[in-house]
Amino acid sequence: MSPRKLKVVLTRRLPDAVETRMRELFDAELNLKDQPMDRPALQAAVQRAEVLVPTITDVIDADLINGAGEQLKMIANFGAGVDHIDVDAAVARGIIVTNTPGVLTEDTADLAMSLILAVSRRIVEGAQVVAEGRFEGWTPTWMCGRKLWGKRLGIVGMGRIGQALARRAKAFGLQVHYHNRKPVPALIEEELGATYWDDLDQMLARMDIVSLNCPATKDTHHLLSAERLARLQPHAILINTARGELIDEAALAQAVAMRALSGVGLDVFENEPAIHHGLLGQSNVVLLPHLGSATLEARQDMGDRVIANVMTYQNGHRPPDRVIPAML
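All of these numbers come straight from a predicted model, not from anything done at the bench. (Residues numbered from 1 in each chain as written. Predicted model: local features only at pLDDT ≥ 70, side-chain atom pairs only at ≥ 80, totals over all residues. Heavy atoms only, no water.)

**Digging into the sheet that holds strand β12 (residues 285–287)**
Okay, so step 1: One open sheet accounts for seven strands, arranged β8-β7-β6-β9-β10-β11-β12; its pairing is parallel. The open sheet terminates on both sides in strands that have one partner only, identified here as β8 (195–197) and β12. Strand-to-strand, the axes of this sheet are offset by a mean angle of 15 degrees, without reference to chain direction.
Okay, so step 2: Here strand β10 (residues 237–240) pairs with strand β11 (residues 263–266) via four bridges, running parallel. By the bridge assignment, Ile 237 is partnered in β11 with Gly 263.
Okay, so step 3: Running over the sheet, helix α7 (residues 160–171) touches β6 (152–156), β7 (175–179) and β9 (209–212) and is turned about 170 degrees from β6. (Pairing = 2+ DSSP bridges. Helix = DSSP H or I, 4+ residues; strand = E, 2+ residues; numbered from the N terminus. Axes fitted to C-alpha atoms, helices over the stretch in contact; angles between N-to-C directions. Contact = heavy atoms within 4.5 Å.)

Here it is in structure tokens:
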């Protein structure tokens, strides 16, 4: 007699290969419509799931967790960030929370570097000129952007993605600076040629480009407030591929309107999918629809990591990617 399969509920469509493997290993309930679950649907899901597999679009707060059935034993997040999950509430209920760290590092760093290039060299604006038939030939003073070589890049958050971005930036001749809760090991700092700043405000005032690569926590909400945005130099470029809540978006829109920044590149937004109207239609602002981990390889790897975590739990062992409050 085959062992009973865990009841696993997926809140969104995942890659076909991932869903197929989940159906083989678990009693997996798929979301074939790929529409985000509304609150009643999530409430019903946690009443029947032993393992819930949510994504960033799902708000798994204390009320939802406390209203879950006794059978819910695991929340296996499809993604690295867990700011949409109340980990404290889950742990208090004895529910294991896991994520998928590491698998999207290189892809997100690629996108951050792409935004740096796109904003600095006005790539999107130039492509629109050609697409709209407005290109009338080369001229010496038209569509001039900013040179990257020799500029200072300030990375806020020197974890996996921050370090991967630093390696790319170094290859482009950028001088790497960073702010983190603590310095990275000396060998990494030497490899990257990176300069550590313990004071974020001091670093911001001296950078040509600032990239946000830190997690969203209570401490980092509106990390770039109106006051901090004002510390950036007028020629500075701001990049965010981490979480939209890191920036006071209304204050950023005002800074853009006042031309207090040279350019902005965003892949994430404070009230996603809504975007502050003041950021739309600006020639010096490049906006992307949350593409950081949007490669076939990354999404497959994320799904494989979810499966590994659930399988490890099912086999009676500690999942490799367990998240606890002390980590946040």
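**Describing the packing of aromatic side chains**
Okay, so step 1: Tallied over the entire structure, the rule returns two aromatic pairs.
Okay, so step 2: Plain terms: the ring middles of Phe 135 and Trp 142 are 6.2 Å apart, the flat faces sit at 15 degrees to each other, and that makes the pair stacked.
Okay, so step 3: Judged by its relative accessible area of 49%, Phe 135 falls in the partly exposed class.
Okay, so step 4: Taking the centre distance of 5.1 Å and the plane angle of 45 degrees together, the rings of Tyr 178 and Tyr 196 count as tilted. Of this pair, Tyr 178 sits in strand β7 while Tyr 196 sits in strand β8, and the two are 18 residues apart along the sequence. (Phe/Tyr/Trp six-rings, centres within 6.5 Å; stacked < 30°, edge-to-face > 60°. Buried < 20%, exposed > 50% of the residue type's maximum accessible area, 1.4 Å probe, protein only.)

**Focus: the UniProt feature "domain: D-isomer specific 2-hydroxyacid dehydrogenase NAD-binding" (unreviewed entry) in the protein chain**
Okay, so step 1: As annotated by UniProt and renumbered to match this structure, "domain: D-isomer specific 2-hydroxyacid dehydrogenase NAD-binding" (unreviewed entry) occupies residues 113–292.
Okay, so step 2: With 30% helix and 16% strand, residues 113–292 has its two end C-alpha atoms placed 11 Å apart. (UniProt positions renumbered as here; feature names shortened; annotations may be inferred.)

**Here we look at the side chain of Thr 312**
Okay, so step 1: By the element assignment, Thr 312 lies in helix α12 (residues 296–314).
Okay, so step 2: Every residue in contact with Thr 312, bar those within four places of it in the chain, is listed here: His 317, Arg 318, Pro 319 and Pro 320.

**Some thoughts on the sheet that holds strand β4 (residues 74–76)**
Okay, so step 1: Read across the sheet, six strands follow the order β2-β1-β3-β4-β5-β13 without closing on themselves; strand pairing throughout is mixed. Here the strands that pair on one side only, and so sit at the sheet edges, are β2 (27–29) and β13 (322–323).
Okay, so step 2: Of the pairings in the sheet, the one linking strand β1 (residues 7–10) to β2 comprises three bridges and is parallel in character. Residue Val 8 lies in a different strand from β2, and its bridge partner there is Ala 28.
Okay, so step 3: Its contacts with the sheet place helix α2 (residues 39–48) against β1, β2 and β3 (51–53), and it is angled at close to 165 degrees to β1.

**Re the side chain of Thr 100**
Okay, so step 1: Looking at where Thr 100 falls in the secondary structure, it is placed in the loop between β5 (96–98) and α5 (105–120).
Okay, so step 2: The class for Thr 100 is buried, based on a relative accessible area of 0%.

**What about the environment of Glu 106?**
Okay, so step 1: Tracing the chain through its elements places Glu 106 in helix α5.
Okay, so step 2: Measuring from C-alpha to C-alpha, the distance between Glu 106 and Ala 90 comes to 30 Å, with 16 residues separating the pair along the chain.
Okay, so step 3: Once you skip the residues sitting within four places of it in the chain, Glu 106 turns out to touch Ala 164 and Arg 168.
Okay, so step 4: Of note is the side chain of Glu 106, whose polar atom sits 2.7 Å from the side chain of Arg 168. (Polar contact = N/O pair within 3.5 Å; in protein donor to acceptor, adjacent residues only side chain to side chain.)

**So, helix α11 (residues 249–257)**
One turn of the α-helix equals 3.6 residues, which is why residues spaced by three or four share an orientation.
Okay, so step 1: Among the residues making up α11, those that are buried are Glu 249, Ala 251, Leu 252, Ala 253, Ala 255 and Val 256.
Okay, so step 2: If you follow the buried residues of α11, they end up packed against α10 (226–229), β10, β11 and β12.
Okay, so step 3: A side-chain oxygen of the first residue of α11 lies 3.3 Å from the backbone nitrogen of Ala 250; this N-cap is Asp 248.
Okay, so step 4: Positioned one or two residues after α11, Arg 259 has a phi angle of 55 degrees, which is positive.

**Thoughts on the UniProt feature "domain: D-isomer specific 2-hydroxyacid dehydrogenase catalytic" (unreviewed entry) in the protein chain**
Okay, so step 1: UniProt's feature table lists "domain: D-isomer specific 2-hydroxyacid dehydrogenase catalytic" (unreviewed entry) at residues 17–323, given in the numbering used throughout.
Okay, so step 2: With 36% helix and 14% strand, residues 17–323 has its two end C-alpha atoms placed 26 Å apart.

**Section: empty space enclosed by the protein**
Okay, so step 1: Evaluation of the coordinates by the stated rule reveals one cavity of 30 Å³ or more.
Okay, so step 2: If you add up the space inside the largest cavity, you get close to 60 Å³.
Okay, so step 3: Forming the walls of the largest cavity are Ser 120, Arg 146, Lys 147, Leu 148, Lys 151, Asp 208, Ile 209, His 235 and Ile 237.
Okay, so step 4: A breakdown of the residues in the lining of the largest cavity according to their chemical character gives three nonpolar, two polar and four charged. (1 Å grid on protein atoms, 1.4 Å probe; cavity = no way out; pocket = protein on both sides within 12 Å on 5 of 7 lines; lining within 4 Å. Points joined across faces, edges and corners; volume = space filled by probe spheres on them. Nonpolar A, V, L, I, M, F, W, Y, C, P; charged D, E, K, R; others polar.)

**Structural notes on the pattern of salt bridges**
Okay, so step 1: With the rule as written, the count across this model stands at 20 salt bridges.
Okay, so step 2: With its nearest N and O atoms 4.0 Å apart, the salt bridge here joins Asp 27 to Lys 7. Of the two residues, Asp 27 is situated in strand β2 and Lys 7 in strand β1; the sequence distance between them amounts to 20 residues.
Okay, so step 3: A salt bridge links Asp 201 to Arg 231; its shortest N-O distance comes to 3.6 Å. On the criterion of sequence distance, the pair formed by Asp 201 in helix α9 (residues 200–204) and Arg 231 in the loop between α10 and β10 is long-range, its members being 30 residues apart.
Okay, so step 4: Of the residues examined, Asp 201 reaches a relative accessible area of 21% and is grouped as partly exposed.
Okay, so step 5: The structure contains a network of salt bridges with shared partners spanning Lys 7, Asp 27, Glu 29 and Arg 48. (Salt bridge = Lys/Arg side-chain N within 4 Å of Asp/Glu carboxyl O.)

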